[in-house]
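Notes for the structure review
Here is how the chains run, residue by residue.
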Amino acid sequence: MVKIAVPNAFSTIYTECGSDKCLMKSITIPGVSGKKISIDELTLGLFSMAATAKGTCWVTAKAGSQTTEIARWSTSSITSVAMSATPAFVGNVGEDVTIEWRLLTSLASVRVKINNLTYSYTTIDGGVVDVPECLVVVECETQEEATAIATSLADQGANVYTRKAN
């Protein structure tokens, strides 16, 4: 596994992401012939310059023509909060993977910042990849709500299991 620290801190006063003005950092990991790139871990510190504003940072990974959100964090803390994610994102054989960090504030008069960015990745053989499964439980008020969420997740390629409470 390769772990890379991204130098510098990044900040914004943008409350919207039009024209990609919320893009803080973009890094491309070059593809390797016959190998897939697996994004294993992301870390950063996130904070707001005033507790009245919430900062939101999200990270996407792009492989080929597909872009996937692989992490999202929010905080109103005025001290840097360590955030991490283990997205288990795997790119396509031989293709570059581009990681992008975006940042918004909930209040244009208050700057939010990210610092201490790192990312870890491995290259793996181009055959079948054993991606670890995780379980997410969503409690819904109605069967219709559960069906809508299940359909949305299934449309995005997730394996979905629903059950009614006893």
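For the structure, check the block above.
A brief report on the enclosed structure follows. (Residues numbered from 1 in each chain as written. Predicted model: local features only at pLDDT ≥ 70, side-chain atom pairs only at ≥ 80, totals over all residues. Heavy atoms only, no water.)

1. Focus on the overall build of the protein
- Tallying secondary structure elements over the protein gives 1 helix and 10 strands in all.
- Helices and strands appear in the protein in the N-to-C order β-β-β-β-β-β-β-β-β-β-α.
- Buried residues in the protein amount to 33% of all 166 residues.
- Partitioning the contacts of the protein with sequence separation of at least 6, the portion at a separation of at least 24 is 78%.
- Counting every atom, the protein has about 10100 Å² of accessible surface; 50% of that belongs to carbon and sulfur. (Helix = DSSP H or I, 4+ residues; strand = E, 2+ residues; numbered from the N terminus. Buried < 20%, exposed > 50% of the residue type's maximum accessible area, 1.4 Å probe, protein only. Contact = heavy atoms within 4.5 Å. Areas by Shrake-Rupley, 256 points an atom, 1.4 Å probe, with all protein chains shown as cover.)

2. Examining the environment of Ala 51
- Assignment of secondary structure puts Ala 51 in the loop between strand 4 (35-48) and strand 5 (55-63).
- Linking Ala 51 and Val 110, residues 59 residues apart in sequence, is a C-alpha distance of 9.0 Å.
- Beyond its immediate sequence surroundings of up to four residues, Ala 51 is in contact with Ser 76 and Ile 78.

3. Comments concerning the pattern of salt bridges
- Counting across every chain of the model gives 4 salt bridges.
- Here Arg 102 makes a salt bridge to Asp 20, at a shortest N to O gap of 3.0 Å. With Arg 102 in strand 9 (residues 97-105) and Asp 20 in the loop between strand 2 (10-12) and strand 3 (23-29), this pair connects stretches of sequence that are 82 residues apart.
- Look at Asp 20 and you get partly exposed, because its relative accessible area is 34%.
- Between Arg 72 and Glu 69 there is a salt bridge, with the nearest N and O atoms lying 2.9 Å from each other.
- The exposure class assigned to Glu 69 is partly exposed, which follows from its relative accessible area of 40%.
- Among the ionic contacts, a cluster of salt bridges with common partners joins Asp 20, Glu 100 and Arg 102. (Salt bridge = Lys/Arg side-chain N within 4 Å of Asp/Glu carboxyl O.)

4. Notes on the sheet that holds strand 5
- What the 4 strands build is an open sheet, ordered 3-9-5-6; its pairing is antiparallel. Single-partner strands in this sheet number two, and they are strand 3 and strand 6 (66-75). For this sheet, the mean angle separating the axes of adjacent strands, direction not counted, is 15 degrees.
- Of the strand pairs in this sheet, strand 3 and strand 9 are connected by 6 bridges, and their pairing is antiparallel. Bridging from a neighbouring strand, Leu 23 pairs with Arg 102 of strand 9. (Pairing = 2+ DSSP bridges. Axes fitted to C-alpha atoms, helices over the stretch in contact; angles between N-to-C directions.)

5. Digging into the side chain of Ser 38
- When you line up the elements, Ser 38 lands in strand 4.
- Of the residues examined, Ser 38 reaches a relative accessible area of 8% and is grouped as buried.
- In terms of polar contacts, Ser 38 uses its side chain to reach the side chain of Asp 40, at 2.9 Å.
- Leave out the neighbours within four places in its chain, and Ser 38 touches Phe 89, Val 90, Ser 120, Tyr 121, Thr 122 and Ile 124. (Polar contact = N/O pair within 3.5 Å; in protein donor to acceptor, adjacent residues only side chain to side chain.)

6. Overview of the state of the cysteines
- Inspection of every chain in the model, using the stated rule, returns 1 disulfide.
- Disulfide partner of Cys 17: Cys 22, at an S-S distance of 1.6 Å.
- Cys 57 forms no disulfide, and the closest cysteine sulfur to it belongs to Cys 22, at a distance of 9.6 Å. (Disulfide = S-S within 2.5 Å.)

7. Thoughts on the nonpolar core
- Counting residues in hydrophobic clusters, the biggest one holds 29 residues, and the most contacted among them are Ile 39, Leu 42, Leu 44, Trp 73, Trp 101, Ile 114 and Tyr 119.
- Within the residue set of this core, elements represented by two or more residues are strand 3, strand 4, strand 5, strand 6, strand 7 (81-85), strand 9 and strand 10 (112-125).
- Sequence-distant contacts of Ile 114, that is, excluding residues within four places in its chain, are made with Ala 9, Phe 10, Met 24, Leu 44, Gly 45, Leu 46, Cys 57, Trp 101 and Leu 103. (Core = buried A, V, L, I, M, F, W, Y, C linked by side-chain atoms within 4.5 Å.)

8. Side note on a nonpolar patch on the surface
- On the surface, a nonpolar cluster with roughly 210 Å² of combined accessible area is contributed by Val 138, Ile 149 and Leu 153.
- Along the chain, Val 138 falls in the loop between strand 10 and helix 1 (143-155). (Patch = residues over 30% accessible without salt bridge, like charges linked within 9 Å, V, L, I, M, F, W, Y side chains within 5 Å.)

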